[in-house]
Amino acid sequence: MLSRSRWFLTAVVSSVLLLVTSCNRVSPIDEARSQNLLLITVGSEPSTLDPHRCTGSPESFIMSALWEPLVDWNETATGMVPAAAANWEISEDGRTYTFHLRPEAKWSNGEPITATDWVRSFQRWLTPSIAAELGNFGDPIVGAFEFRTGANSDPDSVGIRSPGEHTLEIELTEPDVLFLDRLTGYPFFPLHEASVEAAGGFFNPMADFLRPDRLITNGPFTMTEWKYGQYVQVERNPHHHAPPRLNAIRFLAFDNLDTMERSYRSGQLHIIDSLPASKIEGYREAQDPALVTLPRVGNRYLSFNTTNPPFDDTRVRRAFALAIDRQQLVDAVLRTGGAPALSLIRGTKDGHQPTSLITESVEEARQLMAAAGYPEGKDFPAVEYLYNTLDRNRQMAEAYQQTWQASLGVKVSLRNEEWKVFLDTRRQLQYQISRAGWLPFSPEPAELYELVTTNSPANESGWSHADYDRIFDAARQEMNPKKRYQLYDELDQILLDEMPLVPVGFYSRNKLIHPSLEGWPANHMEGMVWNRIGFKD
């Protein structure tokens, strides 16, 4: 047995060794930095990384590291810079886009990339069997709508051609105010046909090509790991024409904002994409340099399933919309720094503001419910609000639930689903009211208006309005801003009258970015240029 003095000495030495070990322990972010590895989370587990079938924000960040578009946003997202295309021209009538591809461009397996690869990829995206979530982005292209909807089965009828090995030509039916901006987005990313074909078929939506040992891409990084429910890791593509500063990026999946923020504070992450509302103000008051707050083009809104009662009744939809106190939601629940939304769009870059705004009024909301046959909520059927799993979404859902109970006398139950299941539920119209949001590929408001057009795959409300569709088509083809804004005003009025969706708030992004990093984009489109991001010397 040790004497008391020897025991005491042993305990002291052990404590000192433990303290020294703790002090010398390297945090995950420091260890990662030594490997030039970025640790980041952008939210939920990806639903898919097939760029032709995707529609989610978490996925878009990962895909932007794996693929390169024809053109990309400049650092301030105010104009376009060359990407996969070294340069391009647009015809005087605004209908023909000619892209001159980089002749030195290669896939991540070292094979050359040709214009035919881009043509075939666009044809896959528009093929009906792929059921592309954003296939409507191709509708301005000659023959694209007919092809993707099955009216014409000939892919060569679509106005996408390769007149030369490194020349890609796209012909539109009419000028389109959104088209060039949207080319920055993942629906227009190219796929390596031979590898997708070998994994189950190039035109097979279930082809198993998204595995690290099979996926071949054209961007600055290539996928090396995908541990489901944990992370996706990408590493530098040695064949890319613009090598990134980072060796690798690990995108970690998180559904809980508090866990995400604690992981940042404990040195497990360099960047987190969002913060719990309860923590944002603390970082602001402390003037923590890690906190980055930026407005983001987009809208948080609610979507109704208008194909079934009770939300097939415009009066009920309007009542639910008018009963919401948006300023209170923004100030007390969201607390992100975003603004309440009384219209679908915030405005335009040159100052146009919407003229048809929601007028919040509990009294008018109650009158509408009474007119629809539900005075003080009497005989109103049981309805359910759907949201995807995230703390902030739950808090918003509870606030809506309380508001509608107190203001309209109706009971609304809540249901949450994981991201992938949530997306499928909405697509199948298996809901009544749902949380929704859209972060556009273009700052031009037309993309937000397109959300509820009849032929948009993103229209998950079942609502259809012939006049709205007609005015929208005219607006997107109108290149004169003043005339286009007049058409936007007409669309706003229809949305105000019909209320297929309910604008709630404009986005503001709050991120924590470790001070050791530089080059993260500070623009309203979150345009990612991965080769600029790296650790400071």
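Throughout, a residue's number is its position along its own chain's written sequence, starting from 1. In keeping with the predicted nature of the model, local features appear solely for residues at pLDDT of at least 70, side-chain atom pairs appear and are counted solely at 80 or more, and the whole-chain, interface and lining totals rest on all residues. To get the side-chain values, take all heavy atoms of the structure and skip hydrogens and water.

Only runs of H or I of at least four residues qualify as helices and only runs of E of at least two qualify as strands under DSSP, and these elements are numbered from the N terminus. Along its length, the protein carries 17 helices and 18 strands. Projected onto its principal axes, the C-alpha positions of the protein cover 90 × 65 × 45 Å. Only protein chains enter the accessibility calculation, which uses a 1.4 Å probe; a residue is then buried when its area is under 20% of its type maximum, exposed when over 50%, and partly exposed in between. Counting over 537 residues, the protein shows a buried share of 56%. Considering only residue pairs separated by 6 or more positions, the protein has 69% of its internal contacts joining residues 24 or more positions apart. Here the accessible surface of atoms and residues is derived via Shrake-Rupley with a 1.4 Å probe, and residues count as covered only by protein chains that are part of the display. Counting every atom, the protein has about 22,500 Å² of accessible surface; 50% of that belongs to carbon and sulfur. For the protein, the separation between the mean place of its 51 positive charges and that of its 70 negative charges on side chains is 7 Å. We call two residues in contact when some of their heavy atoms are within 4.5 Å. Residues scored as charged are limited to Lys and Arg (positive) and Asp and Glu (negative), so that His and the chain ends carry no count. Taken as the charge location is NZ of Lys, CZ of Arg, CG of Asp or CD of Glu.

The subject of this paragraph is the nonpolar core. Buried Ala, Val, Leu, Ile, Met, Phe, Trp, Tyr and Cys residues form a nonpolar core when they are joined through side-chain atoms within 4.5 Å. Residues Phe-99, Leu-168, Ile-249, Phe-251, Tyr-449, Trp-520 and Trp-530 are the most contacted members of the largest nonpolar core, which totals 99 residues. In this view, Trp-530 contacts Leu-38, Phe-61, Ser-64, Ala-65, Pro-220, Phe-221, Pro-244, Ile-249, Phe-251 and Trp-520; residues no more than four positions away in its chain are not counted. If you look at the next biggest cluster of nonpolar residues, it comprises 37 residues, including Leu-329, Ala-397, Ile-433 and Val-504.

We now examine the pattern of salt bridges. Throughout this description, the term salt bridge denotes a Lys or Arg side-chain nitrogen within 4 Å of a carboxyl oxygen of Asp or Glu. Here the structure, examined in full by the defined rule, presents 37 salt bridges. Glu-450 is the salt-bridge partner of Arg-182, the closest N and O atoms lying 2.3 Å from each other. Pair noted here: Arg-182 is in helix α6 (residues 179-182) and Glu-450 is in the loop between α15 (446-449) and α16 (466-477), with a separation of 268 residues, a long-range link. A cluster of three or more residues bridged by salt bridges with shared partners is formed by Asp-93, Arg-95, Arg-161, Glu-169 and Glu-171.

Quick look at the sheet that holds strand β12 (residues 291-304) now. Read across the sheet, 10 strands follow the order β8-β9-β10-β1-β11-β16-β12-β15-β13-β14 without closing on themselves; strand pairing throughout is mixed. Two strands lie at the open edges of the sheet, namely β8 (221-227) and β14 (412-417), each paired on one side alone. Only strands joined by at least two bridges in the DSSP assignment are considered to pair.

Next up on the list: the side chain of Ser-47. Structurally, Ser-47 is set in the loop between β1 (37-43) and α3 (57-66). Residue Ser-47 is classed as buried on the basis of its relative accessible area, which comes to 13%. Beyond its immediate stretch of four places on either side in the chain, Ser-47 contacts Glu-59, Trp-419, Lys-420 and Leu-423.

Before going further, it helps to spend a moment on the environment of Phe-188. Of note, Phe-188 is situated in the loop between α6 and α7 (193-198). A relative accessible area of 1% means that Phe-188 is categorised as buried. Expressed as a C-alpha distance, the spacing of Phe-188 and Gln-123, which sit 65 residues apart in the sequence, is 10 Å. Residue contacts for Phe-188: discarding those within four places in its chain leaves Trp-118, Phe-122, Trp-125, Phe-137, Phe-179, Arg-182 and Leu-183.

What follows covers the packing of aromatic side chains. Side-chain rings of Phe, Tyr and Trp (the six-membered ring for Trp) are treated as a pair once their centres are within 6.5 Å; stacked means planes under 30 degrees apart, edge-to-face means over 60, and tilted covers the remaining angles. Here the structure, examined in full by the defined rule, presents 27 aromatic pairs. Arranged with centres 5.4 Å apart and planes meeting at 15°, the rings of Tyr-400 and Trp-404 form a pair that is stacked. Taken together, the positions of Tyr-400 and Trp-404, both in helix α13 (residues 391-408) and four residues apart, correspond to about one turn of that helix. Each residue in the set Phe-304, Phe-311, Phe-320, Tyr-374, Phe-380, Tyr-385, Tyr-387, Tyr-400 and Trp-404 is aromatic and connected to the rest through ring pairs, giving one cluster. A cation sits over an aromatic face here: Arg-124 above Phe-202, 5.9 Å from the ring centre. Above the ring of Tyr-431, the side-chain terminus of Arg-426 is found at 5.7 Å from the ring centroid. Here, a charge over a ring means that NZ of Lys or CZ of Arg falls within 6 Å of the ring centre while also lying within 35 degrees of the ring normal.

To obtain each axis, a line is fitted to C-alpha atoms, and for helices this fit is confined to the stretch in contact; angles are then taken between N-to-C directions over 0 to 180 degrees. Their axes nearest at 8 Å, the elements helix α10 (residues 314-322) and helix α17 (residues 481-498) cross at an angle of 100°. Compared by their axis directions, α10 and α17 come out roughly perpendicular. Between α10, through Thr-314, Arg-317 and Arg-318, and α17, the contact on the second element is made entirely by Leu-496, Asp-497 and Glu-498. Classifying every residue of the contact of α10 with α17 gives one nonpolar, one polar and four charged. Any angle from 65 to 115 degrees is called roughly perpendicular, while one under 35 is roughly parallel, one over 145 is roughly antiparallel, and all others are oblique. The residue classification treats Ala, Val, Leu, Ile, Met, Phe, Trp, Tyr, Cys and Pro as nonpolar and Asp, Glu, Lys and Arg as charged. All others, Gly included, are polar.

Attention now goes to unusual backbone geometry. Between Pro-309 and the following residue, Pro-310, the backbone shows a cis peptide bond with an omega angle of 0°. Checked against the element boundaries, Pro-310 lands in the loop between β12 and α10. Even without a glycine there, the phi angle at Leu-429 is positive, about 55°. Along the polypeptide, Leu-429 turns up in the loop between α14 (419-427) and β15 (433-438). One non-glycine residue, Met-499, lies in the positive phi region at around 50°. By the secondary structure assignment, Met-499 is in the loop between α17 and β16 (501-513). Assessed through its relative accessible area of 2%, Met-499 is described here as buried.

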